[in-house]
Amino acid sequence: QQSIPQHRLEALYTFKLLLLGPGESGKSTVLKQLKSIYNVKPTPLELEECKKALHQNTLECMKVLCDEADMFGYKIGEENKETSAWLQDEDLQYNDDLITPEQAKAIQALFKSKAIQDTFARRDEYWLLDACQYYIDHVERFAEKDFSPDEVDLVMCRIRTTGRNSLETKLKVNFQGRTENEPEKITYEVVDVGGQRNERKKWIKMFSDVKAIIFLVNLAGYNQVLFEDKHRNRMAEALEVFGQITGWRDESKRPIKKKNVIQGSDIFKNVPIYLLLNKKDIFETMIHKVGLNKTFPDYKGANKCDQAIEFIKKKFREKCPPEKELLVWDITGVARFDVKNAFRAIEKDLLKKYKPRIKEEVKKALAEQRKANGINTGCAIS
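Worth saying up front: this structure is predicted, and the values here are computed from it rather than measured.

K.L.:
I'd like to hear about the packing of aromatic side chains, residue by residue, with values.
P.N.:
Taken as a whole and judged by the stated rule, the model has 18 aromatic pairs. With 5.7 Å between their ring centres and 55 degrees between their planes, phenylalanine 72 and tyrosine 74 make a pair best called tilted. Their ring planes at 50 degrees and their centres at 5.4 Å tell us that phenylalanine 142 and phenylalanine 147 sit as a pair that is tilted. The rings of Phe15, Tyr38, Tyr188, Phe343 and Tyr354 are connected pair by pair, giving a single aromatic cluster. Arginine 122 extends its terminal NZ or CZ atom over the ring of phenylalanine 72, reaching a point 3.7 Å from the ring centre.

K.L.:
Provide a residue-level description of the packing of helix H3 (residues 44–72) against helix H5 (residues 101–111), including the pertinent values.
P.N.:
Look at H3 against H5: their axes get within 11 Å of each other, and the N-to-C directions meet at 35 degrees. Crossing hand, H3 versus H5: left-handed. Between H3 and H5, the contacting residues are Thr58, Leu59, Met62, Leu65 and Cys66 on the first element and Ile107, Leu110 and Phe111 on the second.

K.L.:
Outline the pairing of strand E5 (residues 273–278), listing residues and values.
P.N.:
Of all 6 residues that make up E5, 6 are buried, and the element is covered over most of its length. Alternating residues of E5 divide into Ile273, Leu275 and Leu277 and Tyr274, Leu276 and Asn278, and every residue in both groups is buried. Where strand E4 (residues 212–218) lies against E5, 6 bridges are found, and the strand directions are parallel. Bridging across to E5, valine 217 finds its partner in leucine 277. Pairing of E5 with strand E6 (residues 326–330) involves 5 bridges; the strand directions are parallel. Among the inter-strand pairings, tyrosine 274 is bridged to a residue of E6, identified as leucine 327.

K.L.:
For the packing of helix H2 (residues 27–37) against helix H14 (residues 336–372), give the residues involved together with the corresponding values.
P.N.:
With their axes 10 Å apart at the nearest point, H2 and H14 run at an angle of 85 degrees to one another. One element, H2, and the other, H14, form an angle in the roughly perpendicular class. Here Val30, Gln33, Leu34, Ser36 and Ile37 of H2 come into contact with H14, specifically with Arg336, Val339, Lys340 and Phe343. Grouping the constituent residues of the contact of H2 with H14 by class yields 5 nonpolar, 2 polar and 2 charged.

K.L.:
Outline the pairing of strand E1 (residues 14–20), listing residues and values.
P.N.:
Most of E1 sits out of view: 7 of its 7 residues are buried. In terms of strand pairing, E1 meets strand E3 (residues 185–192) through 6 bridges, oriented parallel. Counted as the bridge partner of phenylalanine 15 is tyrosine 188 from E3. Relative to E4, E1 runs parallel, the two sharing 4 bridges. Paired with leucine 18 across the strands is isoleucine 213, a residue of E4.

K.L.:
Help me get a handle on H2, residues and values and all.
P.N.:
Most of H2 sits out of view: 10 of its 11 residues are buried. Lys27, Ser28, Thr29, Val30, Leu31, Gln33, Leu34, Lys35, Ser36 and Ile37 are the residues of H2 that are buried. After H2 finishes, the residue asparagine 39 shows a positive phi value of roughly 60 degrees.

K.L.:
Lay out the side chain of lysine 313 with the relevant residues and their values.
P.N.:
Among the secondary structure elements, lysine 313 is positioned in helix H13 (residues 305–317). With sequence-adjacent residues up to four places away left out, lysine 313 is seen in contact with Leu277, Val328 and Asp330.

K.L.:
Describe the pattern of salt bridges, with residues and values.
P.N.:
Per the stated rule, a full pass over the model turns up 33 salt bridges. Here aspartate 124 ties to lysine 294 by a salt bridge, and the two come within 3.3 Å at their closest N and O atoms. With a gap of 170 residues between them, aspartate 124 in the loop between helix H6 (114–120) and helix H7 (132–142) and lysine 294 in the loop between helix H12 (280–286) and H13 connect regions that are remote in the sequence. Residue classification places aspartate 124 among the partly exposed residues on the basis of a relative accessible area of 22%. Among the salt bridges present, the one from lysine 313 reaches aspartate 330, with a minimum N-O distance of 3.4 Å. Here aspartate 330 lies in strand E6 and lysine 313 lies in helix H13, a separation of 17 residues in the sequence. Using a relative accessible area of 11% as the deciding quantity, one classes lysine 313 as buried. Here the salt bridges share partners, and the residues they tie into one network are Lys280, Glu310, Lys313 and Asp330.

K.L.:
Just give me the short version of helix H10 (residues 234–246), but keep the residues and values in it.
P.N.:
Here H10 is 13 residues long and its end C-alpha atoms lie 18 Å apart, about the 18 Å a rise of 1.5 Å per residue gives. Within H10, 12 of the 13 residues are buried, which leaves it mostly tucked inside the rest of the structure. Where H10 is concerned, the buried positions are Arg234, Met235, Glu237, Ala238, Leu239, Glu240, Val241, Phe242, Gly243, Gln244, Ile245 and Thr246. Of the residues that open H10, the one with a side-chain oxygen 2.9 Å from the backbone nitrogen of methionine 235 is asparagine 233. Backbone geometry just downstream of H10 places glycine 247 in the positive-phi region, at approximately 105 degrees.

What counts as what
- Residues numbered from 1 in each chain as written.
- Predicted model: local features only at pLDDT ≥ 70, side-chain atom pairs only at ≥ 80, totals over all residues.
- Heavy atoms only, no water.
- Phe/Tyr/Trp six-rings, centres within 6.5 Å; stacked < 30°, edge-to-face > 60°.
- Lys NZ or Arg CZ within 6 Å of the ring centre and 35° of its normal.
- Axes fitted to C-alpha atoms, helices over the stretch in contact; angles between N-to-C directions.
- Helix = DSSP H or I, 4+ residues; strand = E, 2+ residues; numbered from the N terminus.
- Left-handed = near helix turned anticlockwise from the far one by under 90°.
- Contact = heavy atoms within 4.5 Å.
- Buried < 20%, exposed > 50% of the residue type's maximum accessible area, 1.4 Å probe, protein only.
- Pairing = 2+ DSSP bridges.
- Parallel < 35°, antiparallel > 145°, perpendicular 65-115°, else oblique.
- Nonpolar A, V, L, I, M, F, W, Y, C, P; charged D, E, K, R; others polar.
- Salt bridge = Lys/Arg side-chain N within 4 Å of Asp/Glu carboxyl O.
- Expected span 1.5 Å × (residues − 1).
- Polar contact = N/O pair within 3.5 Å; in protein donor to acceptor, adjacent residues only side chain to side chain.

These results come straight from atomic positions and should not be treated as a statement about function.
Written out as structure tokens, the structure reads:
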């Protein structure tokens with residue numbers, strides 16, 4: 001019984017997956033969850049980067065809150081003015097100094113002040129990291145001398161992905177129910193690239209040999225603005241970018257500069273696209289306070305989570321060509337269970353779609369091997 005070389009078999013069962021979506025959609029969070037689920041341990045360098053990022057995330061959030069408090073005309077009390085001035089110093093954002101235990105206490109005191117609490121309550125009007133509350137709640141722990149990030153910290157820290165530090169992770173997954181000429185493990189090469197506008201023109205470099213796209217959307221984005229454009233709604237941006245990826249585009253409403261256009265119709269015609277509607281936990285709280293009709297006037301439903309999500313799913317399906325299948329999950333990216341279930345379903349669907357093609361490649365490889373070894377069916381070779 002013939003079999004093809006292991007390295008060739010492994011190559012056939014290697015799937016390159018692109019994580020795409022606008023900034024703050026949770027791509028890096030989902031990738032970190034996948035690494036944890038499939039036992040890819042963080043390196044000492046990654047732990048150190050996470051530690052620095054948690055300090056910077058905290059400082060960035062507090063600076064935004066202080067700046068916005070000034071914009072809204074909220075007065076910070078005398079007892080917190082020194083802390084506010086320190087946080088608003090531009091140089092603070094560009095050095096690697098870690099927060100001291102004393103500074104951590106001062107940050108928490110400032111955050112509890114009326115001016116900052118009133119500003120925080122209006123966070124849908126400006127850009128702010130979604131995990132702001134987490135950073136403030138844990139800042140004293142971050143400031144401890146022997147602090148080392150745990151699994152939750154690794155998921156919650158925010159390191160902006162750029163073309164220079166796009167993240168690629170290989171996940172080795174046991175091949176359940178494998179048969180002859182199938183490897184013990186399937187390899188998923190998951191690539192996370194930056195989602196901000198200036199990063200999207202670099203996406204094209206990642207498109208070679210892509211087996212699937214996992215597109216992430218921040219559900220709470222219906223009531224949030226972009227980091228790079230305070231006047232642009234995040235959900236509207238996500239719909240537009242998704243339309244570019246699938247090949248659907250309506251430029252009559254909002255023309256796009258050529259350098260930002262991604263022609264998806266030809267590149268991804270035969271590539272599966274999976275949609276993850278992320279940050280459901282934030283959305284569930286937000287939808288009871290701010291109706292979906294704020295962003296979508298055509299929404300006539302109630303302020304109920306499931307009903308609103310079904311409407312959003314419909315909006316994204318409308319951005320797909322009619323013949324394109326779209327599988328959708330609503331998840332909370334920081335919840336391991338949600339990410340695990342969604343990815344398992346994606347794995348199953350990918351195998352179903354690609355296995356017939358792979359079987360043909362295996363058959364071809366075996367035929368080539370027989371030929372090379374001088375074995376011809378129906379002929380005796382002396």
